[in-house]
Amino acid sequence: MKKGIGKNLSTSKQYNRGLTLQLIATNEATSRVELATTTQLTKMTITNIVSEYIENNIVEECEEKITEGCGRNPVRLRISEKAPNVIGLYITRDKIEAVLCTLSLEILNRKIVPFKTLKKEEVRQFSNRVIDEILAETDSKVVGIGVAVMGPVDINNGIVLNPPH
């Protein structure tokens, strides 16, 4: 039997924060009650995570969600317009494409650098170029960059293994 790898407090906290933000951004859970139910975290944990996001202008409260039951109507949550943005980088055999997106994944800008052939050492240079072009056209804060490539990846060595084309 293979032993699992435990999560310490800091990795659990990061995971829970990321999951909560993902559920809000994708509209899968738009209130604290829905977040607690979906994630099976305590209401207090969800309240703490959401409060931190609101304080940092990542999430904002909007109109109440009208329910027919008794009690208070839940307050809806959404990604704030003041939230920082992210960059996505997609590397294929004939182009490198970068997109600037909101945390709700609305595309704000797109840049493509096409090429006929690309040597291994040029991938970083072209990637940096397209990211620099995106950043030059925005004054918003960027909190992360995600990279996607075709084919299996050796994460430990940072290389693409046997790309399909």
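Described below are features of the structure shown in this document. (Residues numbered from 1 in each chain as written. Predicted model: local features only at pLDDT ≥ 70, side-chain atom pairs only at ≥ 80, totals over all residues. Heavy atoms only, no water.)

### Let's talk about the overall build of the protein chain
Each helix and strand in the protein chain was counted, giving 4 helices and 8 strands. Along the protein chain, helices and strands appear, N-terminal first, in the series α-α-α-β-β-β-β-β-α-β-β-β. A burial count over the protein chain gives 32% of its 165 residues as buried. Residue pairs in contact within the protein chain that sit at least 24 positions apart in sequence constitute 40% of those at least 6 positions apart. Of the accessible surface of the protein chain, which amounts to about 11700 Å², a share of 52% is contributed by carbon and sulfur atoms. (Helix = DSSP H or I, 4+ residues; strand = E, 2+ residues; numbered from the N terminus. Buried < 20%, exposed > 50% of the residue type's maximum accessible area, 1.4 Å probe, protein only. Contact = heavy atoms within 4.5 Å. Areas by Shrake-Rupley, 256 points an atom, 1.4 Å probe, with all protein chains shown as cover.)

### Considerations on the packing of helix 1 (residues 9–25) against helix 2 (residues 32–39)
Where helix 1 contacts helix 2, the two axes come as close as 11 Å, and the packing angle between them is 125°. With respect to their mutual orientation, helix 1 and helix 2 come out oblique. Crossing angle aside, the handedness with which helix 1 passes helix 2 is right-handed. Where helix 1 approaches helix 2, its residues Leu19, Thr20, Leu23 and Ile24 are matched on the opposing element by Leu35, Thr38 and Thr39. (Axes fitted to C-alpha atoms, helices over the stretch in contact; angles between N-to-C directions. Parallel < 35°, antiparallel > 145°, perpendicular 65-115°, else oblique. Left-handed = near helix turned anticlockwise from the far one by under 90°.)

### Points about the nonpolar core
Membership of the largest hydrophobic core comes to 21 residues, with the highest contact counts inside it found for Leu21, Leu35, Val59, Ile79 and Leu103. Where this core is concerned, the elements lending two or more residues are helix 1, helix 2, helix 3 (43–55), strand 2 (75–79) and strand 4 (95–101). Leu35 has contacts with Thr20, Leu23, Ile24, Ala29, Gln40, Ile46, Val50 and Leu77, leaving out every residue within four places of it along the chain. (Core = buried A, V, L, I, M, F, W, Y, C linked by side-chain atoms within 4.5 Å.)

### Quick word on the pattern of salt bridges
What the rule picks out here adds up to 7 salt bridges. Here Arg78 ties to Glu60 by a salt bridge, and the two come within 2.7 Å at their closest N and O atoms. With Arg78 in strand 2 and Glu60 in strand 1 (residues 59–64), this residue pair connects regions lying 18 residues apart in the sequence. With relative accessibility at 37%, the residue Arg78 sits in the partly exposed group. Here Glu60 falls in the partly exposed class, since its relative accessible area comes to 22%. (Salt bridge = Lys/Arg side-chain N within 4 Å of Asp/Glu carboxyl O.)

### Let's talk about unusual backbone geometry
Positive phi, normally seen in glycine, also occurs at Asn57, with a value near 60°. Here Asn57 lies in the loop between helix 3 and strand 1. According to the relative accessible area criterion, Asn57 is partly exposed, its value standing at 35%.

### Side note on the sheet that holds strand 3 (residues 85–91)
Taken together, 4 strands build an open sheet; the order of strands is 5-4-3-6 and the sheet is mixed. Taken across any chain shown, the strands that pair with only one partner, and hence form the sheet edges, are strand 5 (107–114) and strand 6 (142–149). Averaged over all neighbouring strand pairs, the angle between strand axes comes to 15°, with direction disregarded. In the sheet, strand 3 pairs with strand 4 via 6 bridges, with the strands oriented antiparallel. Across the sheet, Ile91 pairs through a bridge with Ile96, a residue of strand 4. Across the sheet, helix 4 (residues 122–136) is in contact with strand 3, strand 4, strand 5 and strand 6; its angle to strand 5 comes to roughly 145°. (Pairing = 2+ DSSP bridges.)

### A closer look at helix 4
The end-to-end C-alpha separation of helix 4 is 21 Å, in line with the 21 Å expected for 15 residues at 1.5 Å each. Taken as a whole, helix 4 has its buried residues at Phe126, Ser127, Val130, Ile131 and Ile134. Seen along its axis, helix 4 keeps its buried residues to an arc of 130°; they face one direction. Counted as exposed and oriented over 90 degrees from the buried face of helix 4: Arg124, Gln125 and Ala136. (Expected span 1.5 Å × (residues − 1). Arc of directions from axis to C-beta.)

### Points about the side chain of Ser127
You can see Ser127 is positioned in helix 4. Ignoring sequence-local partners within four residues, the contact set of Ser127 consists of Leu89, Ile91 and Ile96.

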